[in-house]
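Observations on chain architecture
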Amino acid sequence: SDEAIGTAVFVVADPVPVATVTKTVLPASPVNGGTVRYRVVIANTGAATVTTLAVADTLPAEVIYMSEEHPAGLGFSLSGQLVSWDGLALTLGPGKSMTVTVTGAVSCSYLGDVSNTAWAMWGNAGGARTGIDQASFTLTTLTAPVITVSKLYTPAVPVSGSPVIYRIVVRN
């Protein structure tokens, strides 16, 4: 008989954590001097738990930092225009996500496109940061409305005791 008997050995690799970063900005077209809110979502799209998460976002020079929000387990740091969060003790299980937000004021003197990129780095149970992803968003600043108000009255020379009619005109 031509029969062969053998042993097959299969090595199953440990699952690797995979995360994705998405970024949105509200409003996407802010008025100069207005407020913008950057929202960065990090989602674990892999089969392993994400650990040692770090997130960084360098704000454009045209955006002035005002405040931030982050979940427990992340430490916040601000250095110039760089906002960052470090989650050495944070874990993000498969299918889970977390959000960090930054609120800033748009410079009153800038008109045009402002690009911004957020980065996330993460690791696995071994602790080394081996994964990285980024997301960018470009917003377009709009000029602030220019409002003028004028007040007219008749007659041109009011007489004591006589009615005066005022006309107020508001233009944008």
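Quick summary incoming for the structure in this document. (Residues numbered from 1 in each chain as written. Predicted model: local features only at pLDDT ≥ 70, side-chain atom pairs only at ≥ 80, totals over all residues. Heavy atoms only, no water.)

Moving on, we come to the pairing of strand β1 (residues 19-26). Going residue by residue along β1, you find A19, V21, K23 and V25 tucked away on one face and T20, T22, T24 and L26 left uncovered on the opposite face. As paired strands, β1 and strand β2 (residues 35-44) are joined by eight bridges and run antiparallel to one another. Each residue of the ladder has a partner; that of T22, found in β2, is V41. (Buried < 20%, exposed > 50% of the residue type's maximum accessible area, 1.4 Å probe, protein only. Helix = DSSP H or I, 4+ residues; strand = E, 2+ residues; numbered from the N terminus. Pairing = 2+ DSSP bridges.)

Taken together, the side chains of I147, V149, I168 and V170 make up a nonpolar region of the molecular surface, amounting to roughly 420 Å² of accessible area. The topology assignment puts I147 in the loop between β9 (129-141) and β10 (148-154). (Patch = residues over 30% accessible without salt bridge, like charges linked within 9 Å, V, L, I, M, F, W, Y side chains within 5 Å. Areas by Shrake-Rupley, 256 points an atom, 1.4 Å probe, with all protein chains shown as cover. Salt bridge = Lys/Arg side-chain N within 4 Å of Asp/Glu carboxyl O.)

Below, the discussion takes up the side chain of S107. Within the fold, S107 resides in the loop between β7 (97-106) and β8 (112-123). Its relative accessible area of 18% is what places S107 among the buried residues.

Another aspect to go through is the sheet that holds strand β3 (residues 50-58). Within a sheet, each strand pairs with its neighbour through backbone hydrogen bonds, oriented either parallel or antiparallel. Here we have five strands laid out as an open sheet, ordered β5-β6-β3-β8-β9, and antiparallel in their pairing. Of all the strands in the sheet, the pair left with one neighbour each is β5 (75-79) and β9. Across the sheet, the axes of successive neighbouring strands diverge by a mean angle of 15°, strand direction being ignored. With five bridges connecting them, β3 and β8 associate as antiparallel partners. (Axes fitted to C-alpha atoms, helices over the stretch in contact; angles between N-to-C directions.)

A few words on the packing of aromatic side chains. Using the criterion set out here, one finds three aromatic pairs in the structure. Measuring from centroid to centroid gives 5.9 Å for F76 and W85, while their planes differ by 50°, and the two rings are tilted. Taking relative accessible area as the criterion, F76 reaches 30% and is therefore assigned partly exposed. Relative accessible area serves as the criterion here: at 2%, W85 is assigned to the buried category. Seen in terms of ring centroids, Y153 and Y166 are 6.1 Å apart; in terms of plane orientation they differ by 55°. Their pairing is tilted. Of this pair, Y153 sits in strand β10 while Y166 sits in strand β11 (residues 165-171), and the two are 13 residues apart along the sequence. Taken together, the aromatic side chains of Y65, F76 and W85 make up a single cluster linked through ring pairs. (Phe/Tyr/Trp six-rings, centres within 6.5 Å; stacked < 30°, edge-to-face > 60°.)

Another aspect to go through is the side chain of N116. Along the chain, N116 falls in strand β8. Residue class for N116 comes out buried when judged on its relative accessible area of 2%. Side-chain polar atoms of N116 contact the backbone oxygen of T58, separated by 2.6 Å. (Polar contact = N/O pair within 3.5 Å; in protein donor to acceptor, adjacent residues only side chain to side chain.)

Moving on, we come to unusual backbone geometry. A cis amide bond, omega -10°, links L26 with the succeeding residue P27. By the secondary structure assignment, P27 is in the loop between β1 and β2. The linkage connecting T154 with the following residue, P155, adopts the cis geometry, with an omega of 0°. Along the polypeptide, P155 turns up in the loop between β10 and β11. In the Ramachandran plot, T52 falls in the positive-phi region, its phi being about 45° despite a non-glycine side chain. We classify T52 as buried; its relative accessible area is 9%.

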